[in-house]
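Spelled out, the chains give:
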Amino acid sequence: MTADRLPMTVPAPGLPTRVRIHEVGARDGLQNEKGIVPTEVKAEFVRRLAEAGLTTIEATSFVHPKWVPQLADAEQLFPLVRDLPVALPVLVPNERGLDRALALGARRVAVFASATESFAKANLNRTVDQALAGFEPVVARAKEAGLHVRGYLSMCFGDPWEGAVPVHQVVRVCTALRDMGCDELSLGDTIGVATPGQVRALLTALDEAGVPTDVTGVHFHDTYGQALANTLAALQHGVRTVDASAGGLGGCPYAKSATGNLATEDLVWMLHGLGIDTGVDLGRLVATSVWIAGHLGRPSPSRTVRALTHQEQ
Ligand code: HMG
Ligand code: MG
């Protein structure tokens, strides 16, 4: 990539000097593919993401293979990547998932809760409170085993069945995840409907409820093209961890109208333009997204990938 294909760096006030990108392409991205991606291709994807400088790469999910057949090869995949010198969180929905992850030596796990009853039912076959009760022993056992635990919270800004989601519902579940011992939280805009004022309002409400911003990451899907604006609002509030997926892959098989995540390349373009360090080599990352797009049989939806590779719109 030539120098004119890098953003001009002009810092803006009130922003961090470094952001940790939590890369979810191999999990959130590939869980939503119609076809099953071969295990060796997934492993190569994770390796290439690590070589591009990503330091936290969500590798797979130990969920029920019938619920997410795309990730049914977690047992085969994880050993192929576990020795990479990066953090490799995996999703676990329950103790059975945790047992599977522990048996393979996973060091980081993520539980995933919902702010709404409809999504808790669709995604976990539980009520919100049943799901939280089920996570208690998962988090307790994971912490006892010395693991880092992330607590995802979906539908923080809107729900396809219930519409607007009251902030107090989100704050309640975040507080519960934090109280049970989650080291970090990730606020999910599962269907990509949030706008920046909403992001600020939720982060402020969490501050007031005693959930610190420095343990809170953001997870924006880009359905309405708001993910970058929402990310900037979160950074201005003090958030330092941003989830994104290489090439903008992603979605959730159990949420109507969920499309891809914020594309990691689009995020990196903005962060580097603001002079914020990510450790990511944008050229290598774009090459990785083009490579996986070849395997998936369609071009990357990321605007930055398209711009840097002159792909047809
Ligand atoms: P269930 O059918 O209620 O399960 O599903 P159950 O507890 O009744 O158990 C039924 C059978 O499944 C039992 O086997 C269990 O052992 C087995 P049987 O005794 O009948 O032979 N089982 C399992 N097998 C393997 N691994 C497991 C497991 N658990 C039970 N972990 C369950 C409940 C939670 C398992 C199911 O609903 C599930 O797997 N859901 C996962 C859905 C999912 O992965 N969604 C996508 C990730 S979330 C997301 O994308 C959002 C996010 O990106 C943030 C955002 O964008 O908002 C994170
Ligand atoms: Mg997601």
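I will try to describe carefully the structure that is included in this document. Only a predicted model underlies this, so the values are computations on that prediction, with no experimental measurement involved. (Residues numbered from 1 in each chain as written. Chains lettered and ligands numbered in written order. Predicted model: local features only at pLDDT ≥ 70, side-chain atom pairs only at ≥ 80, totals over all residues. Heavy atoms only, no water.)

### A word on the overall build of the chain
Check the secondary structure of the chain and you find twelve helices and nine strands. Its C-alpha atoms give the chain a radius of gyration of 18 Å, near enough to 20 Å, the size a compact globule of 313 residues would have. In terms of principal-axis extent, the alpha carbons of the chain reach across some 50 × 45 × 35 Å. Within the chain, buried positions represent 56% of all 313 residues. (Helix = DSSP H or I, 4+ residues; strand = E, 2+ residues; numbered from the N terminus. Rg over C-alpha atoms; globule rule 2.2 N^0.38 Å. Buried < 20%, exposed > 50% of the residue type's maximum accessible area, 1.4 Å probe, protein only.)

### Remarks on unusual backbone geometry
Backbone geometry places Asn125, a non-glycine residue, at a positive phi of 60°. Mapped onto the elements, Asn125 comes out in the loop between α5 (117–124) and α6 (128–144). Residue class for Asn125 comes out partly exposed when judged on its relative accessible area of 38%. Positive phi values are uncommon outside glycine, yet Met155 reaches one of about 60°.

### What about the coordination of the magnesium ion (ligand 2)?
In the first shell of the magnesium ion (ligand 2), the protein supplies Asp28 (OD), His219 (NE2) and His221 (NE2), at 2.1 to 2.3 Å from the metal. Read N to C, the donor residues that coordinate the magnesium ion (ligand 2) are spaced as D-x190-H-x1-H. One end of the pair, Asp28, is in helix α1 (residues 25–29); the other, His219, is in strand β8 (residues 216–220), with 191 residues separating them in the sequence. A relative accessible area of 2% places Asp28 in the buried class. Classification of His219 by relative accessible area gives buried; the value is 5%. (Donors = N, O, S within 2.8 Å, 3.2 Å for Na, K, Ca; no water.)

### Remarks on empty space enclosed by the protein
Applying the stated criterion across every chain yields a total of one cavity of 30 Å³ or more. When its volume is computed, the largest cavity comes out at roughly 50 Å³. Taken together, Ala246, Gly247, Leu249, Ser289, Ile292, Ala293, Leu296, Arg298, Pro299, Ser300 and Pro301 make up the lining of the largest cavity. Residues belonging to the lining of the largest cavity are distributed by class as follows: seven nonpolar, three polar and one charged. (1 Å grid on protein atoms, 1.4 Å probe; cavity = no way out; pocket = protein on both sides within 12 Å on 5 of 7 lines; lining within 4 Å. Points joined across faces, edges and corners; volume = space filled by probe spheres on them. Nonpolar A, V, L, I, M, F, W, Y, C, P; charged D, E, K, R; others polar.)

### Regarding the sheet that holds strand β9 (residues 241–244)
Two strands in a sheet stick together by hydrogen bonds in their backbones, pointing the same way (parallel) or opposite ways (antiparallel). Reading across the sheet, the nine strands line up as β2-β1-β9-β8-β7-β6-β5-β4-β3 and stay open at both edges, with parallel pairing between neighbours. Every interior strand has two partners, whereas the edge strands, β2 (56–57) and β3 (60–61), have only one. As judged from the three bridges shared by β8 and β9, these two strands associate in the parallel manner. Considered in β9, the bridge of Gly217 is made with Thr241. Across the face of the sheet, helix α7 (residues 167–179) comes into contact with β5 (108–114), β6 (148–154) and β7 (184–189) while running at roughly 165° to β6. Here helix α10 (residues 264–273) sits on the sheet in contact with β1 (20–23) and β9, set at roughly 175° to β1. (Pairing = 2+ DSSP bridges. Contact = heavy atoms within 4.5 Å. Axes fitted to C-alpha atoms, helices over the stretch in contact; angles between N-to-C directions.)

### Looking at helix α11 (residues 282–296)
With 15 residues, α11 extends 21 Å between its outermost C-alpha atoms, agreeing within 8% with the 21 Å of an ideal straight helix rising 1.5 Å per residue. Looking only at α11, the buried set comprises Leu282, Leu285, Val286, Thr288, Ser289, Trp291, Ile292, Ala293 and Leu296. Buried-residue contacts for α11 involve α2 (39–51), α10 and α12 (303–309). At the N-terminal end of α11, a side-chain oxygen is found 3.1 Å from the backbone nitrogen of Gly283, two or three residues along, and the residue is Asp281. The first or second residue beyond α11 is Gly297, which carries a positive phi of 80°. (Expected span 1.5 Å × (residues − 1). Polar contact = N/O pair within 3.5 Å; in protein donor to acceptor, adjacent residues only side chain to side chain.)

### Here's the deal with the layout of surface pockets
The space that makes up the largest pocket amounts to roughly 700 Å³. Val63, Pro93, Phe112, Asn123 and Leu124 are the residues nearest the centre of the largest pocket, which is lined by 37 residues in total. The set of elements that each furnish at least two residues to the lining of the largest pocket consists of α1, α4 (95–103), α5, α6 and β6. The dominant element in the lining of the largest pocket, judged by the number of residues it contributes, is α6, at four residues. Among the residues making up the lining of the largest pocket, the classes are represented as 17 nonpolar, 15 polar and five charged. Its volume calculated, the second largest pocket comes out at about 180 Å³. Asp222, Thr223, Gly248, Thr259, Gly260, Asn261, Ala263, Asp266, Pro301, Ser302 and Arg303 together form the lining of the second largest pocket. A breakdown of the residues in the lining of the second largest pocket according to their chemical character gives two nonpolar, six polar and three charged.

### Some details on the environment of Ala43
Summarising the element assignment, Ala43 is placed in helix α2. Separated by 28 residues in the primary sequence, Ala43 and Leu71 place their C-alpha atoms 12 Å from one another. Discounting residues that sit within four places of it in the chain, Ala43 has contacts with Leu77, Leu80 and Val81.

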